[in-house]
Amino acid sequence: MKTPVRILIHGSSGRMGQALLRLSKQPDSGCVVVATVARRVALCVIDGVPQFAASELASVPDFDVAIDFSLPEGFDAILALCLARKRALVSGTTGLSPAQQAALAAASTQIALTWASNFSLGVAVLHDLVERAAVLLQGWDCDIVESHHTRKQDAPSGTALTLGSAAAQAGAQPHYASIRAGDIIGEHLVQFTAAGERIELVHRASNRDIFAHGALHVAQRVYAKPAGRYRVGELLG
Ligand code: NAD
């Protein structure tokens, strides 16, 4: 049997952190969680897994790969820890600043990492479809409408910006609209419009486990790679 990949979950008390913890406990997950980190912790150990507060990050035990679904204010510390320990990083934290994105790019010369605004397979395919549509529909209006739950802090969503960047590289000039309502997990509509016709490409997430599954899958592949930045699409196979 393969040795399980040792995972550190950063942002463990959040919605994504909890999904990662639950899925990594499944017998066929191929992972073992060695520790978790949240902004604050109430208990030192839950179900045999040591819990650390963000202020105690330097004390976490050894791990193969850190999975980070936290907030931009927590990102610099987990990136620094992975660099110091020479360990891989998988991050889905959105709303990173240009300086944080630049730090990520610089870190990829030293460690293997994947940052993605969306870890679902469906969105990886949507990305390809948007690129193709933008190439073929030169001069059409391109609008991206994203909808999320009311607690989401960044807007437009990281996924909307990634899709928009794919469209822009193919010549489109995307415009964005954001809706924050109820408990919507995540919807992205990319619409190409010309006089008399319209194409709508849409992805709807109905369960956030798709992102956690994708992140665990990527973590198990990226940790053994040489230093570099890897896209989800390269590692999902
Ligand atoms: P959440 O608010 O439920 O959880 C945030 C977590 O981050 C909590 O555990 C909190 O304790 C922790 N945290 C906050 N500040 C911290 C700090 N300074 N240091 C360490 N930990 C800190 O959020 P969520 O819904 O779980 O989403 C987390 C992030 O993942 C967000 O940026 C969200 O946009 C993103 N997200 C990405 C994907 C994807 O596929 N890439 C999917 C869903 C959510």
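Note that the structure is predicted; figures quoted are calculated from it, not measured.

Analysis parameters
Residues numbered from 1 in each chain as written. Predicted model: local features only at pLDDT ≥ 70, side-chain atom pairs only at ≥ 80, totals over all residues. Heavy atoms only, no water. Near = heavy atom within 4 Å. Polar contact = N/O pair within 3.5 Å; in protein donor to acceptor, adjacent residues only side chain to side chain. Areas by Shrake-Rupley, 256 points an atom, 1.4 Å probe, with all protein chains shown as cover. 1 Å grid on protein atoms, 1.4 Å probe; cavity = no way out; pocket = protein on both sides within 12 Å on 5 of 7 lines; lining within 4 Å. Sits in = over half its atoms within 2 Å of the grid points. Helix = DSSP H or I, 4+ residues; strand = E, 2+ residues; numbered from the N terminus. Buried < 20%, exposed > 50% of the residue type's maximum accessible area, 1.4 Å probe, protein only.

Novice: Summarise the site of the ligand; cite the residues concerned and give the values.
Specialist: Around the ligand lies a shell of 24 residues, among which Ser13, Gly14, Met16, Arg39 and Thr94 are the nearest. A distance of 2.8 Å is found between an oxygen atom of the ligand and a backbone nitrogen or oxygen belonging to methionine 16. Within the backbone of serine 117, a nitrogen or oxygen atom sits 3.0 Å from a nitrogen atom of the ligand. Here the ligand has 860 Å² of accessible area as a free molecule, and 86% of this is covered by the chains. Judged by its atoms lying within 2 Å of the grid points, the ligand is housed in the largest pocket. Breaking the shell around the ligand down by element, the ones donating at least two residues are helix 1 (15–24) and helix 2 (72–85).

Novice: So what about unusual backbone geometry? Which residues, and what values?
Specialist: Cis geometry marks the peptide bond from alanine 155 to proline 156, where omega comes out at -5°. Unusually for a residue other than glycine, aspartate 47 sits at a positive phi of about 50°. In this structure, aspartate 47 sits in the loop between strand 3 (45–46) and strand 4 (49–53). Overall, aspartate 47 belongs to the exposed group, its relative accessible area being 63%. Notably, lysine 86 is not glycine yet its phi reads approximately 55°, a positive angle.

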